[in-house]
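Now for the letters of each chain:
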Amino acid sequence: MEQKYQPKEIEKKWQQHWENEKTFKVSEETEKPKYYLLEMFPYPSGRIHMGHVRNYSIGDVIGRFKRMRGFNVLHPMGWDAFGMPAENAAIQNKSHPATWTYQNIEYMRCQLKKMGLSYDWDRELATCDLEYYRWEQKIFLEMFAKGLAYKKRSFVNWCPKCETVLANEQVEDGGCWRCDSEVSLKELDQWFFRITDYAEELLQNTFNLPGWPERVLVMQRNWIGKSFGCEIDFPVENGADSIRVFTTRQDTLFGATFMSLAPEHPRAMDLTTPDRKESVSAFIDKIRKTDRIKRTAEDFEKEGVFTGSYCINPVTKAKMPVFLANFVLMDYGTGAVMAVPTHDQRDFEFAKKYDLPLKVVIQPPGETLDPLTMSQAYTEPGIMANSGSFDGMKSDDAKEAIADFLHSKGAGTKTINFRLRDWGISRQRYWGNPIPVIYCDECGVVPVPEEELPVVLPKDVLFTGEGGSPLAQMESFVNCSCPSCGKPARRETDTMDTFVQSSWYFLRYCCPDYQEDILDRDRVDYWMSVDQYIGGIEHAVLHLLYARFFTKVLRDLGHITAGEPFTNLLTQGMVIKDGAKMSKSKGNVVDPDGLIDKYGSDTARLFSLFAAPPEKDLDWNDQGVEGSFRFLNRIWKLVNDRLDEISGAAQVNVAALCPDERNLRRAVHKTIRKVTEDVEERFHFNTAIASVMELLNTLQPIKLCTPQSSAVMREALQSVILLMAPFVPHISEELWQRMGNTVSLSQTDWPKYDPEAVVDEELLVVVQVNGKLRSKVAVAAGISEKELEALALADERVAPFIEGKVIRKVICVQGKLVNIVVG
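Predicted model only: the values in this text are computed from it and were never measured. (Residues numbered from 1 in each chain as written. Predicted model: local features only at pLDDT ≥ 70, side-chain atom pairs only at ≥ 80, totals over all residues. Heavy atoms only, no water.)

Draft legend 1. Broad picture of the pattern of salt bridges. Inspection of the entire model under this criterion finds 53 salt bridges. With its nearest N and O atoms 3.0 Å apart, the salt bridge here joins D120 to R123. In this structure, D120 and R123 share a single accessibility class: buried. One salt bridge connects D754 with R665, and the closest N-O pair in it is separated by 3.3 Å. Taken together, the residues span a long stretch of sequence, with D754 in the loop between α23 (729-738) and β31 (762-769) and R665 in helix α20 (residues 659-682) at a distance of 89 residues. By relative accessible area, which is 9% here, R665 ends up buried. Each of the salt bridges in this network shares a partner with another, and the network as a whole consists of E201, R548, K552, R555, D556 and E564. (Salt bridge = Lys/Arg side-chain N within 4 Å of Asp/Glu carboxyl O. Buried < 20%, exposed > 50% of the residue type's maximum accessible area, 1.4 Å probe, protein only. Helix = DSSP H or I, 4+ residues; strand = E, 2+ residues; numbered from the N terminus.)

Draft legend 2. Inspection of the pairing of strand β22 (residues 444-447) at higher detail. Strand direction decides the pairing type here: strand β21 (residues 437-440) and β22, joined by 4 bridges, are antiparallel. Within β22, the position partnered with C440 by the bridge is G444. In textbook terms, the turn of a hairpin is the stretch between consecutive antiparallel strands, and for β21 and β22 this stretch comprises 3 residues. (Pairing = 2+ DSSP bridges.)

Draft legend 3. View of the packing of helix α2 (residues 50-68) against α20. Where α2 meets α20, the axes come as close as 11 Å, and the angle between the chain directions of the two elements is 115°. Between α2 and α20 the crossing geometry is left-handed. Here V61, F65 and K66 of α2 come into contact with α20, specifically with T676, V679 and E680. Taken together, the residues of the contact of α2 with α20 break down into 3 nonpolar, 1 polar and 2 charged. (Axes fitted to C-alpha atoms, helices over the stretch in contact; angles between N-to-C directions. Left-handed = near helix turned anticlockwise from the far one by under 90°. Contact = heavy atoms within 4.5 Å. Nonpolar A, V, L, I, M, F, W, Y, C, P; charged D, E, K, R; others polar.)

Draft legend 4. Geometry of the sheet that holds strand β11 (residues 242-247). An order of β11-β10-β18 is seen for the 3 strands of this open sheet, with the pairing classed as antiparallel. Edge positions in the open sheet fall to β11 and β18 (412-418), since each of these has one partner strand only. Strand-to-strand, the axes of this sheet are offset by a mean angle of 30°, without reference to chain direction. One ladder, built from 7 bridges, connects strand β10 (residues 226-235) with β18; its direction is antiparallel. Each bridged residue has a counterpart across the sheet, and for S227 the counterpart in β18 is N417. Strands β10 and β18 of the sheet are contacted by helix α11 (residues 395-409), whose axis makes an angle of about 120° with β18.

Draft legend 5. Here's a closer look at the packing of helix α1 (residues 7-21) against α23. Contact pair α1 / α23: the axes reach a minimum separation of 9 Å and the direction vectors enclose 85°. With respect to α23, the axis of α1 lies roughly perpendicular. Residue-level contacts link I10, E11, K13, W14, Q15 and W18 of α1 to P729, H730, I731, E733, E734 and Q737 of α23. Tallied by class, residues from the contact of α1 with α23 come to 5 nonpolar, 3 polar and 4 charged. (Parallel < 35°, antiparallel > 145°, perpendicular 65-115°, else oblique.)

Draft legend 6. Molecular detail of helix α22 (residues 707-724). The terminal C-alpha atoms of α22, which comprises 18 residues, lie 26 Å apart, in line with the 26 Å expected from a rise of 1.5 Å per residue. Among the 18 residues in α22, 17 count as buried, and that is most of the element. (Expected span 1.5 Å × (residues − 1).)

Draft legend 7. The arrangement of the packing of aromatic side chains in detail. A complete count under the given rule lists 44 aromatic pairs for this structure. Relative to W504, the ring of Y132 lies with its centre 4.5 Å away and its plane at 20°, an arrangement referred to as stacked. Taken together, the residues Y132 in helix α5 (residues 130-145) and W504 in the loop between α13 (498-501) and α14 (505-508) connect sequence positions 372 residues apart. Overall, Y132 belongs to the buried group, its relative accessible area being 2%. Here W504 falls in the buried class, since its relative accessible area comes to 0%. With a centroid separation of 5.7 Å and 75° between ring planes, the pair formed by Y505 and F506 is classed as edge-to-face. Here Y505 matches F506 in class, with each residue buried. Through successive ring pairs, a cluster of aromatic residues spans F140, F144, W191, F193, Y198, W423, F499, Y546, F549 and F550. Here K113 stacks its cationic end above the ring of W121, 5.4 Å away from the centre of that ring. Taking NZ or CZ as reference, R491 lies 5.6 Å from the ring centre of F477, over its face. (Phe/Tyr/Trp six-rings, centres within 6.5 Å; stacked < 30°, edge-to-face > 60°. Lys NZ or Arg CZ within 6 Å of the ring centre and 35° of its normal.)

Spelled out as structure tokens, the structure:
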């Protein structure tokens, strides 16, 4: 009686086996080459989605494949567990963020185990665990001691209802992403990490990461934003001070006709005359409520307000009105811009709106621009004009010359500027890692002594959704003694940005049980860097840049050797359904639990791997899921139907094979070669699976009639199972066992193809005479060049073209082409 494929039973059996045997538990072994594989860890939101299924299936294929190839594979999993959603849930459900978080972790862990993922669960960590965040507090203290952590006042996005700072990404259409309240800019004391100290190294190393997608590297280079230019001082009229600007276009200095400051500029109100204070204050308030990203968009309307003050152009000595402009940000340069309307489009639009003067100082080659008739700014290189002694120079050459001139006059200096700004890590919320700092009226800012770590996040808090962070309202937490003088002091109530936790978790995976220090350097140095990192393109800048920064900091603090965290990076595509990314709001979500209950996790894995290459978006298709399930049933049926025929089959005797058996074995070994190359070199899992499907089509109709055909069929079926094991591990383990194998696939080597078996029996050789096609000859594989030459000369279709002529030479090219040269 035929046994039906029962994925639920099979998958439960093998998941239990892997857990009981600790199949994927790993330690440091010098006998094998190490391979550290990692997918970006998830936020424990409550349930996994199809994006998770795809992401983790991709990683699992690589992990299982590398293990079968003889590597010592570290493949851990954990939880990025701090963050605002837990606080929201606590407020809504009248519970505690920890309760909500750990319940979600428990549920999602079960979901991941149902997928049969080859994780070393003994290394599991959650960033909200005291045993994790205590060491992060020590990292903070070490950075503070080195001047890499500091506090300053800065403008931040502020939600008045949530009473917390928002990242730029959390401001949506000018409102809070959580409550839709109008977001404004607020000046607050904030803690920062000095990532700018590493700007140059972060930039230069993007040219030494060949395993990263170029798109991600370009995004990081643009974010770091290195630019060469000048800092120039513009004296304030009737004042003893000046306004400093940074520009990369010092060649246009003679055309600067007004000054634009960011509304957040610290001098904004100082430079405002009494009669302008009301309008300037109103403008600043308006801009503080405007989305910062919108302000810099090309199509955003340019607006400004005159401060009433003037500065002096250092080379033309002309008075320049000082404006505040909505498109100027404090995040770049000095927050002040010399405005050259004829050679910058934003300045041009602003000048036209406020009737400000235009002066052309760069002319296109062979043309003469008239500022009265210009319809847009001229921004290309050209010839200097109206620029004193620099007239007639090429504008690119004038950049250097004007920079030298300014330096000689003490009016400016050549400088390098980075767009990258220091990382503000302060968050006015509870569910995060407490910043280990104490404030004392006598001693100032005092770091918590290392022996007093960790600063424990208190559990007995009340969540109402009002009044900001509960920490600030807890006297038992806030009030403490100064570690230096012993007098009453106050504890810092801000917590760290959750990006801090995700910036070093991959290091702690290497030694999660280590209790002596932040990291066990020997173990970390064995595993790092991560050989393959997998995650979404949306993390290209923030997480991936911060992880690179933290790795360099911990290297310089003496904890690790590696300077880069991830050797290779794969950014997988999204899962698309009905033309859009799966999301609850669009109503196009497919529940992985329902899919696994109906078809099994092997089917879910197979579809997500077969439907598209990893780096491309995957279009969800119900028929594709059904097709994947049918394919697994075909494998199941084929192996089970052939078990009796192939039981007891001896090893293949290649010399005794008939042509049909030889052809079948050739197909098997060609498939082994193709799948190996597709997985190892390209991660083309879809084409690898397609190759096995094609082999299955070849195997199904074959009838076994000799001992050798049974041996070849056994080798073929074992190869199919081995090749599919990384993709669909449960059914593969079950069939492997049913074929009489006693060693688990996880401890079995990847198959190797026989080079002799993949050689075709016959080759079609092209025969030319003086470079022109005259014949095609079928020859045996492996024929010698001398034999091939003789066959070509004896070919009756070639004879008419060589009769009576002198054969000067015969050229054989790779056994595929023969060219007879006659004269």
